[in-house]
Every structure is written in C-alpha cells, then in structure tokens.
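# Residue-level structural notes
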Amino acid sequence: MITQNFKRNAPFLSTIIYTVVALLCLVLFRLVYPDLPHEAELLPIFRLNAKFAKAFLSCIEFFPAIFLSALLIPFLNRQDEHQGSAAYFNLMNRALLCCFAGTLIFASLSLIAKPSLLAYQHQLYEQSKIYNTATIKAAGYIEKDQWREADQILRIGEKIWKDNQSIRELRLKVEIALDKLRYAREGNGENAKALSGTSGQRTALNAEEALEFAKQALREKRYYDANWFSHLAISVSVLESAVYKQAMNTASASWNAIASLEPDIQEERTYSRYREKRDGYEALVSGDFFRAYSIFKALVTKLPQDPDIQKYFKISEKALESIAFFFDEADLALGNEQSNVLFSLPADNSIEGGRFVLRISGLTVFEDKAFGRNMELLAFDRENRPVFRLNTELVKIIPAYDGSTWKTQSLIYAVDRNNPALKKEPHWTMYRQDIVKHASIPLNLSYEDFMRAAAAQRSGEYFSVEELWKTAQLDSLGFIPQLFYANILDSFYFPLLFLPLSIFTLIIGLKYCPKIKQSHTNVLMFFIFPLVIEFFLLIIERIVSLITMWAALSYSFIFACLICAASSLILFLFSLFLFAAQYGKKEA
C-alpha cells in the first residue's frame, strides 16, 4: 500500500524535489562564487548577508525556469502509462495542482520578497559607505581637536559596526579628550545651572501665562526676563485687550529698569558689556536673529556665568535655527546621498499659478530633515516666464507648519556655529522687482511627499506595489504617472501569465516527453530544460514589458488593468481547454 501511494505521488514529489534541489544548488553557487558587484565597498560584517541576499534574489529570478523544468521532469521515462488510464489522469491532476501552487509562490516572491531583498541589499552598501565616511571624518575632527564633532560622528559609525577595532581606538581617544574638557570645566566652576524661562519658542505660552511670568520676573528684578515675557504676551494677545495693555505697561516698566541699570562713566568695561548685552537683546526682540546670535555668542565666551547671557544665547540660537542652519549640521548628517535630484512643483502663494524647478547635486534625506548641496531653484509664473533664479551652496529642508497644514521649508542661509560672521548666502538673480527675498523658501508639498519624490529618483525596482502607487499620485511634481503604472502592471502581469505558461508546459510534457527513451538523454534534460526555458522566458518578459508600457501610456490605469487581466484570463482558459483535450486522446 505504501509502495503504491509513493508511486502514485512520485510525479508530484519529483517536481518538488527537483525545484528545491535546484534552488539549493543555486544558493550554494552564489555563496561560493565571489561575484558580488563592488564587494570591496562592503563592510566585512555585511558581506555574508549580501551574498545571501544575492543568492535569494537569484532564486527568485530563476524560479520560473526551474519550476517549469520541474513540471517536465515527471514525464521523462513514462512510456508505460497510456493516455486515458487512471495513472495518467492522476499525473495530470497533480501536475495541474503544482501549477497553481507554483504560481502562488512565484507571485509572492515577485511582489513581496524581491522588492524587500533589493532594498535590503541596497541598504547594506549604503550603510558601508556611511560607516567608512564616518570613520574618515571622525579621524579628521580628532586631528583638529574638534572632540565634540568627532563624538557625534563616531556615534553614527558605532550604530553600524560598534565592535570594530579601528572605531574602538577612535572612541578611546575621544573619550579621554572629552573627560579632560569636562574636568577642566568643572574645575573652573562652570557647572551647568538650571535656567528659568521658556525654551525660546514664542508660541510655548499663552498670553495670560506669559504676562504672569513677566510680572513675576519684574518683582524679582529680572528685568530682561520681564521684558522678554512681556513681548511674548504682546505677540500672542488680542490687540487692545486687557492682557495686551498690561503687557505693554510691563514691557515699558521693565525696559525703563533695564535703562536705569547703566553704570557710571568710570565703569567703562562693565558699561561696554552692558551695552553689548542690551544690543543683543534688542536685536533678538526686533527679529534680527543673525546679529543677536553673533552678539550673545561673543558674550557667552566672555561672561559664561551670567544667567541672562546664557539664557538669551540659547533663545537666539533657537530663533536663528528657524531661518538658517549651521555648517556642522550638514557635515555631521551622514546618510544615503542621492545625486542630481530634480523636482518640479507648484510655486508658493507669492507666485500664483507658477512653478518651481529645483536641481540639487547631492541630497541626503532623513525622517525629519534633509540636506542638499549646490541647489539651483528656478521660479516661473503661470505664463512660464522666469521670475527669479536662486543658487546656494548648502540648503536644509525641514517640515514646517504654516498655521493650517504641514508643508516643507527650505533654509538657504548657513552660518558657522563658532564664528557667526562666516555665512554662506544664496545668490539671487531677479527677473521681477515685486518679489521679496526671504531667508527661506516654502515648498508647496508635504515633507512626506518630498521624501517619496526624492526616493523616486532612484530605480523603481526597490519599490513595492504600494510605494509605486503612492509615487504615481505625485504627478503635480513633474512625475509621469504612466511610468509607475507600467511598473505596477508589470509586477502583476507576469505572475498572472505564469499560470497559463505552466499549463502550456504541462501540455508540451504530455505530448513530447514520453517519446524520449534514452536514459542518458533524460539526465541531460535536467540541465538543458532550465537553460532553454530561461531563454524563452526572457523573450516573454520583454514582450510583457512592452505590453504593459503600451497599455499604461495609451489608456487609463483602470482600462490598462482590464486589458492585462482579460488577456491573462483568455490565455488561462485557452490553456485549460488544450489541457482538458489531452484527456480524450488515446495513443494508437
């Protein structure tokens, strides 16, 4: 009984065994054969993972040829079974079940596993590049005695490969230097002291709360704090309201108190620093954040223990970061850089109906910010006439809330953190005189769409079907949605065609394989079948790509889907008809 069941299931088992063994041999070949592209760029800890990823991708690539070959194997040396017999029907039914199972497996591999493996393989190379860059930059900072910058860069490298000996040595040098700085600071009595007040954001308090803080500061003779909170209350209160009037009175009283603090003429040095402190505060209140930061940066070095200077230095730094950014932010932001990124998007409200065209030589995108090198922005009006051209060496792109929705903001001024006099300013070329130059350029899209549009600059093979669909909706950014629709159709169409192709392969096996009687020829078929089938599959894949591209470019996406679905259904029904016809044929 067991022997009969095994003989009855032998064709089904041979298909599974041939497929599994062939795929395992392919995996072993990929693991042994050193054919990884740019293998030297990979970190040693990633090379084995990259080989496995390459091996599994090869399995997905050659799965159709191997599986179709496996369907033919059971028909070799089966001349003893006549068409129409019970054994013959059993063989056909089980082979048909194999076709459905193989199609389901291939569809899952193509739609889910392949994009994930490609993205993972790409990530291994990118992580290796980031690590190598981090170690080189950290060594450079150490040579310049810039220990805090070296510490930040090393943290990035340690997230990737912490146990490497070279990065351990760099970390030891940095830790020793930071400990020395820490001890020196504590020895000079520069321990950090908690400061009262807000974080520097004007919208952190409501008008009543800000007014109470101002009154309390005035009572405690903290006149700078009183004036700051008074202006905060004024900025968020209703004009001519009771809170507004009280805040105006408190601001006036605190400023008069500040003016009364002027020392005698003999105390010139103290008076000079007092003037600098007041000038910095005036610049901060008036919105001149560049000047305010520059003044308080100098004062915090001269008078590190002055609580007002410490506080308003932090506030001025925070305020400056709302309209500009620091050089070291871009230097310390290591990530996957994309080259020659191009965007086209609707312009902001200052150019109604116009468009922006952005070209960025190198773009590094993170979840909450992005940094670009050598950005060129061209603005056109609704008549496609140029409005202005902007060129900047560095740009920072961040999500920003405009009061109703989250948009994207590009900061085009960069400042040296330690020497505010060093700035990288954009170069403007104006074609219309009614356009006002701003410190930042608002981009009319969400930051999520910006990240997706940036990712779309690379090959679409890394994208899942969901990502392809979302990217296709960004037609307002200059993308051609039909190209992404063609990729979506291509992802589904070939797996759908794989089922009728499998059935056609069965028919070929039924009609021709039993006529092969030489045993040595049968052994050769184990190796010849995949090569021949792979050749024909490459031709079919090219035809499928042409059909999906033609359908996506010629018709709407829905109609193109109907064309692909209908054609695959017709082929499936036709293959079933031919397959069923084999039941009625008898050998002479």
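What you are looking at is a predicted structure, and each value in this text was computed from that prediction instead of being measured.

About the criteria used
One numbering rule holds for all chains: residues counted from 1, following each sequence as written. The model is predicted, so local features are restricted to residues of pLDDT at least 70 and side-chain atom pairs to those at 80 or more, both for listing and for counting; the totals for chains, interfaces and linings are taken over all residues. Side-chain figures throughout are based on the complete set of non-hydrogen atoms in the structure, without hydrogens or water. Here a strand is any run of E in DSSP of at least two residues, a helix any run of H or I of at least four, and the numbering for each starts at the N terminus. Residues are treated as being in contact if the distance between any of their heavy atoms lies within 4.5 Å. All accessibility values rest on the Shrake-Rupley procedure with a 1.4 Å probe; residue burial counts only the protein chains present in the view. A side-chain nitrogen of Lys or Arg and a carboxyl oxygen of Asp or Glu constitute a salt bridge if their distance falls within 4 Å. Buried, partly exposed and exposed residues are distinguished by accessible area as a fraction of the type maximum, computed with a 1.4 Å probe on protein chains only: under 20%, between the cut-offs, and over 50%, respectively. As a per-residue measure, pLDDT tells how confident the predictor is, with possible values from 0 to 100. For this analysis, a polar contact is any N or O atom pair within 3.5 Å, provided that within protein one partner can donate a hydrogen and the other can accept it, and provided that sequence-adjacent residues contribute only side-chain to side-chain pairs. Grouping buried Ala, Val, Leu, Ile, Met, Phe, Trp, Tyr and Cys residues that are joined through side-chain atoms within 4.5 Å yields what is termed a nonpolar core. Here an angle of 0 to 180 degrees is reported between the N-to-C directions of two axes, which are lines fitted to C-alpha atoms, with helices fitted over the stretch in contact. These descriptions rest on fixed angle ranges, namely under 35 degrees for roughly parallel, over 145 for roughly antiparallel, 65 to 115 for roughly perpendicular, and the rest for oblique. In this scheme, a crossing is called left-handed if the near helix is turned counterclockwise away from the far one by less than a right angle; it is called right-handed if the turn is clockwise. Amino acids are sorted into nonpolar (Ala, Val, Leu, Ile, Met, Phe, Trp, Tyr, Cys and Pro), charged (Asp, Glu, Lys and Arg) and polar (every other residue, Gly among them). One fewer than the residue count of a helix, multiplied by 1.5 Å, yields its expected span. In this scheme Phe, Tyr and Trp rings, the latter by its six-membered ring, pair at centre separations within 6.5 Å, and the angle between planes marks the pair as stacked below 30 degrees, edge-to-face above 60, and tilted otherwise. Here, over-ring charges are defined by two tests on the NZ atom of lysine or the CZ atom of arginine: distance to the ring centre within 6 Å, and angle to the ring normal within 35 degrees.

Let us now look at the overall build of the protein. The helix and strand tally for the protein stands at 17 helices and ten strands. Sequence-distant contacts in the protein: of pairs separated by 6 or more residues, those separated by 24 or more amount to 68%. Approximately 31600 Å² of the protein is accessible, and the part contributed by carbon and sulfur atoms is 59%.

Moving on, we get to the pattern of salt bridges. Between side chains of opposite charge, a pair can form as their charged atoms come close. Per the stated rule, a full pass over the model turns up 18 salt bridges. A salt bridge links Glu-126 to Lys-129, with the nearest nitrogen and oxygen atoms 3.9 Å apart. Of this pair, Glu-126 and Lys-129 are both found in helix 3 (residues 86-143), three residues apart, which corresponds to roughly one turn of the helix. For Glu-126, a relative accessible area of 10% gives the class buried. The class of Lys-129 is partly exposed, set by a relative accessible area of 40%. Connected through salt bridges with shared partners, the residues Asp-151, Arg-155, Glu-158, Arg-171 and Glu-175 form a single ionic network.

This part covers the confidence of the model for the protein. Looking at the protein, pLDDT values average 80 and 83% of them are 70 or higher. Element-level pLDDT for the protein is lowest in helix 9 (residues 268-286), with a mean of 72, against a maximum mean of 91 in strand 4 (residues 370-380). The model gives residues 1-7 a pLDDT under 50, and that stretch makes one contact with residues more than four places away or in other chains. A low-confidence stretch, residues 187-204 stays under pLDDT 50, and its non-local contacts, those more than four residues away or across chains, total 24 contacts.

Below, the discussion takes up the environment of Arg-222. Counting through the fold element by element, Arg-222 comes out in the loop between helix 6 (207-219) and helix 7 (223-236). Under the relative-accessibility criterion, Arg-222 is labelled partly exposed at 26%. Residues Arg-222 and Ile-258 lie 36 residues apart in sequence; the distance between their C-alpha atoms is 9.3 Å.

Within the secondary structure, Glu-329 sits in helix 12 (residues 327-332). Of the residues examined, Glu-329 reaches a relative accessible area of 17% and is grouped as buried. One polar contact links the side chain of Glu-329 to the main-chain amide nitrogen of Phe-326, over a distance of 2.9 Å. Each residue touching Glu-329, except ones within four places of it in the same chain, is listed here: Phe-371, Lys-396 and Arg-417.

For the rest of this paragraph, the subject is the nonpolar core. One broad trend across soluble globular proteins is that nonpolar side chains are buried collectively. Phe-343, Phe-356, Leu-363, Leu-377 and Phe-388 are the most contacted members of the largest nonpolar core, which has 126 residues in total. The greatest single-element share of this core, amounting to 15 residues, is contributed by helix 15 (residues 481-512). The next biggest cluster of nonpolar side chains, apart from the first, holds 25 residues, and it includes Leu-42, Tyr-141, Ala-150 and Ala-177.

Following both chains from N to C, one finds helix 7 and helix 8 (residues 242-260) inclined at 155 degrees, their axes separated by 8 Å at the closest point. In terms of axis orientation, helix 7 runs roughly antiparallel to helix 8. Handedness of the helix 7/helix 8 crossing: left-handed. Contact residues: Tyr-223, Tyr-224, Ala-226, Asn-227, Ser-230, His-231, Ala-233 and Ile-234 in helix 7; Tyr-244, Ala-247, Met-248, Thr-250, Ala-251, Ser-254, Trp-255, Ala-257 and Ile-258 in helix 8. Residues that form the contact of helix 7 with helix 8 fall into these classes: twelve nonpolar, five polar and no charged.

Okay, helix 7 next. One full turn of an α-helix is made of 3.6 residues, so residues set three or four places apart face in the same direction. Over its 14 residues, helix 7 extends 20 Å from the first C-alpha to the last, a length consistent with the 20 Å expected when each residue adds 1.5 Å. Among the 14 residues in helix 7, eleven count as buried, and that is most of the element.

Another aspect to go through is helix 4 (residues 147-160). With 14 residues, helix 4 extends 20 Å between its outermost C-alpha atoms, agreeing within 8% with the 20 Å of an ideal straight helix rising 1.5 Å per residue. Buried residues of helix 4: Trp-147, Glu-149, Ala-150, Asp-151, Ile-153, Leu-154, Gly-157, Glu-158 and Ile-160, and no others.

Looking now at the packing of aromatic side chains. Going through the model one piece at a time under the given rule, you end up with 27 aromatic pairs. Summarising the aromatic geometry, the rings of Phe-388 and Trp-428 are spaced 5.5 Å apart at their centres and angled 45 degrees between planes, so their arrangement reads as tilted. Of this pair, Phe-388 sits in strand 5 (residues 386-401) while Trp-428 sits in strand 9 (residues 427-430); the two residues are 40 residues apart in sequence, bridging distant segments of the chain. There is no split in this pair, since Phe-388 and Trp-428 are both buried. An aromatic cluster is built from Phe-63, Phe-67, Phe-106, Phe-494 and Phe-498, whose rings are joined through pairwise contacts. Sitting over the ring of Phe-366, Lys-369 keeps its end group 5.7 Å from the ring centre.

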